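Secondary and tertiary structure notes
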Amino acid sequence: MSIEVTNISKVYGTQKALHQISFKVNKPEIVGFLGPNGAGKSTMMKILTTYLDATEGVAKVNGHDVNTNTKQVQQSVGYLPEHNPLYLEQYVREYLSFNAQVYGVTKSRIEEVITLTGLTPEAHKTIGQLSKGYRQRVGLANALLHNPDVLILDEPTTGLDPNQLVDIRNLIKSIGKEKTVFLSTHIMQEVEAMCDRVIIINKGEIVANKTLKELRDDKEQVVIVAFDYRVEDAFLLKLPKVKQVKNTHDFTYEITFDTAEDMRSHVFDFAHDNELKILQLNQKNASLESLFRELTS
Ligand code: ADP
Ligand code: MG
């Protein structure tokens, strides 16, 4: 197991940032840690990278306890912090040399990570001369220097333009073929573009932990509608993308659709075309998408 978190809690003064969090990440796997701002993502990542102590619980990286085996954890993990502290006046190689020395990594490894992260055409510049996308590559190169098994990336794509976004996503996906990648984001589409699995966190608690396949299968929706008159189920089954119709009571029906698209307007048109009056029309939030929308809206 690459990452194993058991009942981790973190309190800052009186503020609870994490509350009894547990999850696992396997190798190789790209897992998205998704949650709105302030959910506790960075706090969890700092605990996993030994930058911060948990108040309670156990966290292990590559089998090493973050509390007792700090050195081994740091050897196992490459970390791209949320506010990647780059020194603008330094040259790319100069910046990478610093950590290379800390980790006792050879000069040839610096060239390797420069190639690996696509930095070659910009490697002769100072960090201040680089675009945000290339600065993120420098951060990734830095995290990869000591060839760790696990990469922890805190919002690696925030602030990138659409082209840079595609490039960095592809880079992370290729790294994720061999390594464990645990990345945080507050954007659902990021998860869909890069991840095998998503762990959703809200207000310091995990609210979902699912594979993308499970997530896609989840893309159904339930609409609750009450008409002024009884309607045959078979009639309602003519609605587009309908999966199931259930008459719950009187003239009220629960209609399940096989899509994440909001189907209420279709139900409304259907009622209108068939001279039915609608007394109630609601969408029952079932999918992870709507759960996340609910959390972040
Ligand atoms: P995220 O990365 O998901 O945006 P954080 O882990 O940064 O969330 O923060 C979680 C909560 O803990 C937030 O409410 C934040 O204000 C609080 N917090 C984070 N760091 C500190 C700190 N050093 N002192 C006090 N509160 C903090
Ligand atoms: Mg954060």
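As a convention, each chain's residues are numbered from 1 in the sequence order in which they are written. Working convention: letters from A go to chains and numbers from 1 go to ligands, in the order in which they are written. Given that this is a predicted model, residues contribute local features only at a pLDDT of at least 70 and side-chain atom pairs are listed and counted only at 80 or more, while totals for whole chains, interfaces and linings are drawn from all residues. Excluding hydrogens and water, the side-chain figures rest on all heavy atoms present in the structure.

**A word on helix α5 (residues 132–144)**
Where helices and strands are cited, they refer to DSSP runs of H or I of at least four residues and of E of at least two residues respectively, numbered from the N terminus. Expected helix span is taken as 1.5 Å per residue step, with the number of steps being one fewer than the number of residues. The first and last C-alpha atoms of α5 sit 18 Å apart over 13 residues, in line with the 18 Å expected at 1.5 Å per residue. Only protein chains enter the calculation, and the probe is 1.4 Å; a residue is then buried if its accessible area is under 20% of its type maximum, exposed if over 50%, and partly exposed in between. Counting buried positions over the 13 residues of α5 gives 10, a clear majority of the element. Among all positions in α5, only G133, Q136, R137, V138, G139, L140, A141, N142, A143 and L144 are buried.

**Looking at the coordination of the magnesium ion (ligand 2)**
The rule for donors is simple: an N, O or S atom within 2.8 Å of the metal counts, and for Na, K and Ca the reach is 3.2 Å. Water is not among the atoms, so a site may look short of donors. Distances from the magnesium ion (ligand 2) to its protein donors, namely S42 (OG), E82 (OE) and E82 (OE), fall within the range 2.1 to 2.8 Å. A residue pair is termed long-range when its members are at least 10 positions apart, and S42 in helix α1 (residues 41–48) and E82 in the loop between β6 (77–80) and α3 (92–102) qualify at 40 residues. Using a relative accessible area of 14% as the deciding quantity, one classes S42 as buried. Its relative accessible area of 34% is what places E82 among the partly exposed residues.

**Points about the side chain of T157**
Looking at the element boundaries, T157 is found in the loop between β7 (150–154) and α6 (162–175). Since its relative accessible area comes to 7%, T157 is described here as buried. In terms of polar contacts, T157 uses its side chain to reach the side chain of E190, at 2.5 Å. Note on definitions: a residue-residue contact is assigned when non-hydrogen atoms from the two residues lie within 4.5 Å. Apart from residues lying up to four places away in sequence, T157 is in contact with Q136, L165, I168, E190 and M194. Pairs of N or O atoms within 3.5 Å make up the polar contacts considered here, provided that, within protein, one atom can donate a hydrogen while the other can accept it, and that residues adjacent in sequence are counted only when both atoms are side-chain atoms.

**Observations concerning the sheet that holds strand β2 (residues 15–25)**
Here, a strand pair is defined by DSSP locating no fewer than two bridges between the strands. Taken together, the 4 strands give an open sheet; going across it, the order is β2-β1-β4-β5, and neighbouring strands pair in antiparallel fashion. Both outer strands of the open sheet, β2 and β5 (64–65), are each paired with one neighbouring strand and no more. In this sheet, β5 lies alongside strand β4 (residues 56–61) in antiparallel orientation, the contact comprising 2 bridges. Counted as the bridge partner of V61 is H64 from β5. Interaxial angles span 0 to 180 degrees and are taken between N-to-C directions of axes, which are lines fitted to C-alpha atoms, for helices over the stretch in contact. Those strands touched by α1 are β1 (3–12), β2 and β4, and its axis lies near 120° from that of β1.

**Some thoughts on the pattern of salt bridges**
Counted as salt bridges are all cases of a side-chain nitrogen of Lys or Arg within 4 Å of a carboxyl oxygen of Asp or Glu. Considering all chains together, one arrives at 10 salt bridges under this definition. R109 is the salt-bridge partner of E112, the closest N and O atoms lying 2.7 Å from each other. On the criterion of helical spacing, the pair formed by E112 and R109 is a turn pair, its members being 3 residues apart in helix α4 (residues 107–116). Take R109: its relative accessible area is 12%, and that puts it in the buried class.

**A closer look at the sheet that holds β7**
Spatially, the 6 strands line up as an open sheet ordered β6-β7-β8-β3-β9-β10, and their pairing is mixed. The open sheet has two free edges, formed respectively by β6 and β10 (205–211), since each of these has just one partner strand. Between one strand and the next, the sheet's axes are offset by a mean angle of 15°, whatever the strand orientation. Relative to β7, β6 runs parallel, the two sharing 4 bridges. Bridge pairing links L80 to L153 in β7. Running at roughly 160° to β6, α5 makes contact with β6 and β7 of the sheet. Along the sheet face, α6 touches β3 (30–34), β7 and β8 (180–185) and points at about 150° away from the line of β8.

**What about the packing of α3 against α4?**
For the pair α3 and α4, the least separation of the axes is 10 Å and the interaxial angle reads 125°. As the angle between them shows, α3 and α4 are arranged oblique. Relative to α4, the crossing made by α3 is right-handed. Across the interface between the two elements, R93, L96, S97 and A100 of α3 pack against I110, E111, V113 and I114 of α4. Only Asp, Glu, Lys and Arg are considered charged, only Ala, Val, Leu, Ile, Met, Phe, Trp, Tyr, Cys and Pro nonpolar, and every remaining residue, Gly among them, polar. For the contact of α3 with α4, a count of residues per class yields 5 nonpolar, 1 polar and 2 charged. Each angle receives one of four descriptions, namely roughly parallel if under 35 degrees, roughly antiparallel if over 145, roughly perpendicular if within 65 to 115, and oblique otherwise. Note on convention: near helix rotated counterclockwise from far helix by under a right angle means a left-handed crossing. Clockwise means right-handed.

**Observations concerning the nonpolar core**
Across soluble globular proteins, nonpolar side chains show a tendency to be buried alongside one another. We call a set of buried residues a nonpolar core when its members are Ala, Val, Leu, Ile, Met, Phe, Trp, Tyr or Cys and they connect through side-chain atoms within 4.5 Å of each other. Of all hydrophobic cores here, the largest spans 42 residues; its most connected members are L96, V138, L153, I172, V181 and L183. L183 has contacts with I30, V31, G32, F33, M45, L153, P156, I172, M194 and C195, leaving out every residue within four places of it along the chain.

**A word on unusual backbone geometry**
Trans is the prevailing form of peptide bonds, just as negative phi is the prevailing case for residues other than glycine. Cis peptide bonds are those with omega within 30 degrees of zero, and the linkage from K27 to P28 qualifies with -15°. Among the structural elements, P28 can be located in the loop between β2 and β3. In the Ramachandran plot, N7 falls in the positive-phi region, its phi being about 50° despite a non-glycine side chain. With respect to the helices and strands, the residue N7 is situated in strand β1. Taking relative accessible area as the criterion, N7 reaches 36% and is therefore assigned partly exposed. A positive phi angle, close to 50°, is found at N147, a residue other than glycine. Mapped onto the elements, N147 comes out in the loop between α5 and β7. You can call N147 partly exposed: its relative accessible area is 46%.

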